[in-house]
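Structural description and commentary
Chain residues, written in single-letter form:
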Amino acid sequence: MLTEFLDLLGTFDVGDFIPSLAWVSGLNGFDARVRKNIEELDACFERVIEGHIQCRQDCDDRENILDVLLALQNDSSVGIALSSDSIKALIMESINVTGS
């Protein structure tokens, strides 16, 4: 899944450079590959979050960044709305899948 993600990052998408030719990405399958990979990554990160919540109920480990993010998501007094998608994006950034 991450290999496909990295491959997609390195793939030339003509629509990025010539917007009037963006339809080509639909024909050559690039758009479908991107959608499928996004769905797989989303499901994976959802499993990570759910697994972490389950583990927190069963274990008594030290608190980590995911615990903090989940606590912020459930705390309305913080003043920010932290969605599940935001948490997933932060997970992706924290594991540095782009290699930068």
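Let me sum up the structure you'll find in this document. Computed from a prediction, not measured in an experiment: that's the story for all the values here.

The next thing to look at is the overall build of the protein chain. Within the protein chain, the regular secondary structure consists of 6 helices and 0 strands. Counting over 100 residues, the protein chain shows a buried share of 22%. A separation of at least 24 residues holds for 49% of the contacts in the protein chain among residues at least 6 apart in sequence. Carbon and sulfur atoms make up 57% of the accessible area of the protein chain, which amounts to about 7100 Å² in all. Measuring between centres, the 7 positive side-chain charges of the protein chain sit 4 Å from its 18 negative side-chain charges.

So, on to the packing of aromatic side chains. The full count for this structure, using the stated rule, is 1 aromatic pair. Measuring from ring centre to ring centre gives 5.0 Å for Phe-12 and Phe-17, while their planes differ by 10°; the resulting arrangement is stacked. Like Phe-12, the residue Phe-17 is exposed in the burial classification.

Right, let's talk about the side chain of Ser-25 for a bit. Examined against the element boundaries, Ser-25 turns out to sit in helix α3 (residues 24-27). Non-local contacts of Ser-25, meaning those with residues more than four positions away in its chain, are made with Asp-13, Phe-30 and Asp-31.

Judged by nonpolar contacts, Phe-5, Leu-41, Phe-45, Ile-49, Leu-66, Leu-69, Leu-70, Leu-82, Ile-87 and Ile-91 together constitute the single largest core of 10 residues. Setting aside residues no more than four positions away along its own chain, Ile-49 makes contact with Leu-66, Leu-70, Ile-87, Lys-88 and Ile-91.

Let us now look at the packing of helix α5 (residues 65-74) against helix α6 (residues 84-95). Their axes nearest at 10 Å, the elements α5 and α6 cross at an angle of 165°. Relative to α6, the element α5 is oriented roughly antiparallel. Between α5 and α6 the crossing geometry is right-handed. Counting all contacts with α5, which are made through Leu-66, Leu-69, Leu-70 and Gln-73, the residues of α6 involved are Ser-84, Ile-87, Leu-90 and Ile-91. For the contact of α5 with α6, a count of residues per class yields 6 nonpolar, 2 polar and no charged.

Analysis parameters
Residues numbered from 1 in each chain as written. Predicted model: local features only at pLDDT ≥ 70, side-chain atom pairs only at ≥ 80, totals over all residues. Heavy atoms only, no water. Helix = DSSP H or I, 4+ residues; strand = E, 2+ residues; numbered from the N terminus. Buried < 20%, exposed > 50% of the residue type's maximum accessible area, 1.4 Å probe, protein only. Contact = heavy atoms within 4.5 Å. Areas by Shrake-Rupley, 256 points an atom, 1.4 Å probe, with all protein chains shown as cover. Lys, Arg positive; Asp, Glu negative; His and termini not counted. Charge placed at Lys NZ, Arg CZ, Asp CG, Glu CD. Phe/Tyr/Trp six-rings, centres within 6.5 Å; stacked < 30°, edge-to-face > 60°. Core = buried A, V, L, I, M, F, W, Y, C linked by side-chain atoms within 4.5 Å. Axes fitted to C-alpha atoms, helices over the stretch in contact; angles between N-to-C directions. Parallel < 35°, antiparallel > 145°, perpendicular 65-115°, else oblique. Left-handed = near helix turned anticlockwise from the far one by under 90°. Nonpolar A, V, L, I, M, F, W, Y, C, P; charged D, E, K, R; others polar.

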